[in-house]
Amino acid sequence: MANSIHITVVALYLVFMIIMGMYYAKKEVKTSEDFMVAGRRLPSLVLIGTLLATWVGSGTVVGGASFIYQYGPFAALIYFAGAPLGIIVLYFIADKARVLAKYTIPEMLELRFGKKTRLISAVFILLAYVGITSYQFIGGGYVLNITTGMPVEVGTMITAFIVIFLATTGGLFSVAYTDFLSSFLIVFGFLIGVPLALYLAGGFEGLAQNIPEQKLTWNGGLTTAQILGFFLPTFLLILGDQNMYQRFSAAKDPQSAKKSTIGFFLGDVLIVILSITLATCSIVLFPNIAPDTAILELAAKGFPNVMGSLILAACVAFIITTGNSYLLSSAGNLVYDLINSFKKDSVPEEKLLGFNRIVVIILGILAYAMGQFFPSVLSIQMYSYTMYGAAITPTILASFLWKRATTAGAISSIITGGLATLIWELVLGKPMGWNSILFSLPLSIIALIVISLFTINKPQALDQNTISIK
């Protein structure tokens, strides 16, 4: 009976999302600008929802839950702290990004550092975003496995199909409005789930008595370097995440973009607290499950049918909308930064919408294939976040905040950070168990600073000279 209720609720919500995608594809999406940035007319409330749902996807309800389950709630506070800290910084950048009104991060970087920087940064963003999309597929596979009993591989394929379909049809319009609804659903579901989870686990006293002592330490048994290696990728990704800047660009005005970060901050902090509580209760209630499934198993087997179904539907919705966002964003890099920008005969506007959709399908298939080569969601998550955080974020921040940065310094930083990540992960096999951010980020920053100081460029900060902001 429980399975049938779970299946029905999750299936109905997925059908609803598909219908919304088709609706917005028919009614709202007429041009490539509608497809990529929702016609630049999203209100603040919808912006808050889509920012939150884009960030809180499989990385939180699967990868983050896995971290909590393995290392405990106090270490998780450090792991998750990167996002709210990064959102505080974004508050001071959001309105500037809206004034720039670009489709992609490489477009913004081109204004300051030239076409070569745009090309190189787009390549490394693609390497990161295809990875992030891939673990959304896997996260959806876990939900459908727990909900229906189907193999994870089959669930992953179904999730991939739905993500690709939604991103291909409605673009950012369908993503933004389904995000808004999914954000409300996940917060509501987690809020009603936490009191019951605590009751089942014996309250905070029961958690303290039944959780292994090591998982109640500040670092969960990790070394300081290891826990820093989990914190930094999240912090650096959100600081430079192209999805964040694209949503700021989709705002109806700069003030709406800036205000949306306040709601984003509050929503993220709330969901993090609720997620940590749920996954911590799962340590006590389900001590022998796969860490990736900590929140999902609690929803499916620990809660009453209707409540569990609501949380499962919210989880799969967040996973799908996050996958939509990163897939759509990476398609923009390929179309606008790598094809249209460097092709003599760029794709004409009347054909650009259809071309965008073809690219989304191709990248979606590539993301599915990539997911088969990593052992867990958390491992793909750390690789993808680090690829972006080390290769792209230092240059983005320098473009807004450091006048002395030069084109040579930016290109050196991007290449150094990206290649160092690949070498540490794939060639060296993560020595000492350290995530690659501890190796690649310092090298990226050193390259940016040293090469910039030894080269000459016209030093202009984006927010002062390239655009005029009062």
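How each quantity is defined
- Residues numbered from 1 in each chain as written.
- Predicted model: local features only at pLDDT ≥ 70, side-chain atom pairs only at ≥ 80, totals over all residues.
- Heavy atoms only, no water.
- Axes fitted to C-alpha atoms, helices over the stretch in contact; angles between N-to-C directions.
- Helix = DSSP H or I, 4+ residues; strand = E, 2+ residues; numbered from the N terminus.
- Parallel < 35°, antiparallel > 145°, perpendicular 65-115°, else oblique.
- Contact = heavy atoms within 4.5 Å.
- Nonpolar A, V, L, I, M, F, W, Y, C, P; charged D, E, K, R; others polar.
- Phe/Tyr/Trp six-rings, centres within 6.5 Å; stacked < 30°, edge-to-face > 60°.
- Buried < 20%, exposed > 50% of the residue type's maximum accessible area, 1.4 Å probe, protein only.
- Core = buried A, V, L, I, M, F, W, Y, C linked by side-chain atoms within 4.5 Å.
- 1 Å grid on protein atoms, 1.4 Å probe; cavity = no way out; pocket = protein on both sides within 12 Å on 5 of 7 lines; lining within 4 Å.
- Points joined across faces, edges and corners; volume = space filled by probe spheres on them.
- Patch = residues over 30% accessible without salt bridge, like charges linked within 9 Å, V, L, I, M, F, W, Y side chains within 5 Å.
- Areas by Shrake-Rupley, 256 points an atom, 1.4 Å probe, with all protein chains shown as cover.
- Salt bridge = Lys/Arg side-chain N within 4 Å of Asp/Glu carboxyl O.

Caption draft 1: Structural detail: the packing of helix α3 (residues 44-55) against helix α17 (residues 305-340). Contact geometry for α3 and α17: axes closest at 7 Å, N-to-C directions at 95°. The orientation of α3 with respect to α17, classified from their angle, is roughly perpendicular. Contacts between α3 and α17 involve Leu 52, Ala 53, Thr 54 and Trp 55 from the first element and Phe 318, Thr 321, Thr 322, Ser 325 and Tyr 326 from the second. Its residues placed into classes, the contact of α3 with α17 shows 5 nonpolar, 4 polar and no charged.

Caption draft 2: Up close: the packing of aromatic side chains. Applying the stated rule across the entire model yields 15 aromatic pairs. Taking 6.1 Å as the distance between ring centres and 45° as the angle between the ring planes, the aromatic pair formed by Tyr 13 and Phe 16 counts as tilted. A residue pair is termed a helical-turn pair when its members lie 3 or 4 positions apart in one helix, as Tyr 13 and Phe 16 do in helix α1 (residues 2-27) at 3 residues. Residue Tyr 13 is classed as buried on the basis of its relative accessible area, which comes to 13%.

Caption draft 3: Quick peek at the nonpolar core. Counting 147 residues, the largest nonpolar core has Ile 105, Phe 190, Tyr 245, Cys 315, Tyr 388 and Ile 392 as the members making the most contacts within it. Those residues in contact with Ile 392 that sit more than four places away from it in its chain are Ile 105, Ser 121, Phe 124, Ile 125, Met 387 and Ile 414.

Caption draft 4: Summary view of empty space enclosed by the protein. Applying the stated criterion across every chain yields a total of 3 cavities of 30 Å³ or more. Considering the residues around the largest cavity, the lining is formed by 12 residues, among which Trp 55, Gly 59, Thr 60, Phe 80 and Thr 234 are closest to the centre. Secondary-structure elements contributing two or more residues to the lining of the largest cavity are α4 (58-71), α5 (73-80), α15 (254-285) and α19 (377-391). Its residues placed into classes, the lining of the largest cavity shows 7 nonpolar, 4 polar and 1 charged.

Caption draft 5: The arrangement of a nonpolar patch on the surface in detail. A cluster of nonpolar side chains, namely Leu 85, Ile 88, Tyr 91, Phe 92, Ile 262 and Leu 266, defines an oily patch on the protein surface of about 570 Å² accessible area. Counting residues per element, the nonpolar patch draws most heavily on helix α6 (residues 82-91), at 3 residues. Mapped onto the elements, Phe 92 comes out in the loop between α6 and α7 (94-100).

Keep in mind these numbers describe shape, not what the thing actually does.
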